[in-house]
Amino acid sequence: MSKSDPFGFDMSVRSAKKKNPRGRRSTTGASETSTRICDHDGCEEAGQFRAPRAPDVLDDYLWFCQDHIREYNQKWNFFEGTTEAELNAQQSKDKVWERETKPMGDPEARAWARLGIEDPHQVLGGNATRNPGRAAQAGRRLPPTERRALDILEAKDDWSKADIRKAYKKLIKVLHPDMNGGDRSQEEQLQEVVWAWDQIKDSRSFK
């Protein structure tokens, strides 16, 4: 801001550097504000260049003059002391910038896993497999009436009409009053079976 600013603030970058010169670096990487002496034995030059102490101590630094930082860098080996297996593992991580791909999987299964449940079906216990759902009945498309007819006759959609007729006759023998000593308690179910066969016998969906 200009000096005419009524609040007297100066938010420019140049102003901030003047007020806080700490940590300023030159184009060579030297810390211009460093007052340290070079850490190389016997050297009395200013230590304006920093370098990590060791591969496993990267946030603690040694400070050197320009000549000795070059010497130090030439000897520096980040992988010194590591095994071949550790080196290969690090190279694999570096290929993806240490952001490994997460394993693919069912998000619903991962949600159950957070609750300590490996198999969602174990929540239902013995009821888990009693209702197989539509996937288990997947087959060719049929009109709803014919699909219901098959359910009543306890038949499958890949049966022929002759096979379905056998299932129909079997149910008639079980349900008809004449076959049960005149017992008419199952007449309603018998009517459903007769209706179901009427849907199938005239259908073009079955051979």
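Residues numbered from 1 in each chain as written. Predicted model: local features only at pLDDT ≥ 70, side-chain atom pairs only at ≥ 80, totals over all residues. Heavy atoms only, no water.

A. Fine view of the overall build of the protein chain. A tally of regular secondary structure across the protein chain gives 8 helices and 2 strands. Each helix and strand of the protein chain, placed in order from N terminus to C terminus, yields the pattern α-β-β-α-α-α-α-α-α-α. The buried share of the protein chain, reckoned over its 207 residues, is 20%. Within the protein chain, residue pairs in contact and separated by at least 24 positions form 34% of the contacts whose partners lie at least 6 positions apart. Summed over its atoms, the accessible surface of the protein chain is roughly 17000 Å², and 49% of this surface lies on carbon and sulfur atoms. (Helix = DSSP H or I, 4+ residues; strand = E, 2+ residues; numbered from the N terminus. Buried < 20%, exposed > 50% of the residue type's maximum accessible area, 1.4 Å probe, protein only. Contact = heavy atoms within 4.5 Å. Areas by Shrake-Rupley, 256 points an atom, 1.4 Å probe, with all protein chains shown as cover.)

B. The arrangement of unusual backbone geometry in detail. Positive phi values are uncommon outside glycine, yet Glu-154 reaches one of about 55°. Turning to its location among the elements, Glu-154 is positioned in the loop between helix H6 (144-153) and helix H7 (161-175).

C. Fine view of the pairing of strand E2 (residues 57-64). For strand E1 (residues 49-54) and E2, the ladder comprises 5 bridges, and the chain directions are antiparallel. Bridged to Phe-49 within E2 is Phe-64. Where E1 folds back on E2, the antiparallel hairpin that results is connected by 2 residues. (Pairing = 2+ DSSP bridges.)

D. Looking closely at the pattern of salt bridges. By the definition in use, this model includes 5 salt bridges. Taking the shortest distance from any N to any O, the salt bridge between Asp-60 and Arg-53 comes out at 2.9 Å. Judged by relative accessible area, which is 35%, Asp-60 ranks as partly exposed. Overall, the relative accessible area of 43% leaves Arg-53 in the partly exposed class. The salt bridge involving Arg-148 is made with Glu-192; its shortest N-O contact spans 3.6 Å. Here Arg-148 is found in helix H6, whereas its partner Glu-192 is found in helix H8 (residues 187-201), with 44 residues between them in sequence. For Glu-192, a relative accessible area of 33% translates into the label partly exposed. (Salt bridge = Lys/Arg side-chain N within 4 Å of Asp/Glu carboxyl O.)

E. Up close: the side chain of Asp-157. Here Asp-157 shows up in the loop between H6 and H7. On the basis of relative accessible area, Asp-157 is assigned to the buried category, the value being 14%. Looking at Asp-157, its side chain comes within polar contact range of the side chain of Arg-147, at 3.5 Å. (Polar contact = N/O pair within 3.5 Å; in protein donor to acceptor, adjacent residues only side chain to side chain.)

F. The arrangement of the packing of aromatic side chains in detail. Going through the model one piece at a time under the given rule, you end up with 2 aromatic pairs. Geometrically, the ring pair formed by Tyr-168 and Trp-197 is stacked, given 5.4 Å between the ring centres and 15° between the ring planes. With a gap of 29 residues between them, Tyr-168 in helix H7 and Trp-197 in helix H8 connect regions that are remote in the sequence. The residues Tyr-168 and Trp-197 share a single accessibility class, namely buried. Over the aromatic face of Trp-63 sits the side chain of Arg-36, whose NZ or CZ is 4.1 Å from the ring centroid. The ring of Tyr-61 carries Arg-50 above its face, with NZ or CZ at 4.2 Å from the centroid. (Phe/Tyr/Trp six-rings, centres within 6.5 Å; stacked < 30°, edge-to-face > 60°. Lys NZ or Arg CZ within 6 Å of the ring centre and 35° of its normal.)

G. Just the confidence of the model for the protein chain, in detail. Here the protein chain averages 76 in pLDDT, while 72% of its residues score no lower than 70. Between the elements of the protein chain, mean pLDDT differs from a low of 50, seen in helix H5 (residues 133-136), to a high of 89, seen in helix H2 (residues 66-75). (pLDDT = per-residue confidence, 0-100.)

H. Geometry of the state of the cysteines. Per the stated rule, a full pass over the model turns up 0 disulfides. Cys-38 forms no disulfide, and the closest cysteine sulfur to it belongs to Cys-43, at a distance of 3.8 Å. Accessibility expressed as a relative area gives 5% for Cys-38, which makes it buried. Judged by relative accessible area, Cys-43 falls into the buried class, the value being 11%. (Disulfide = S-S within 2.5 Å.)

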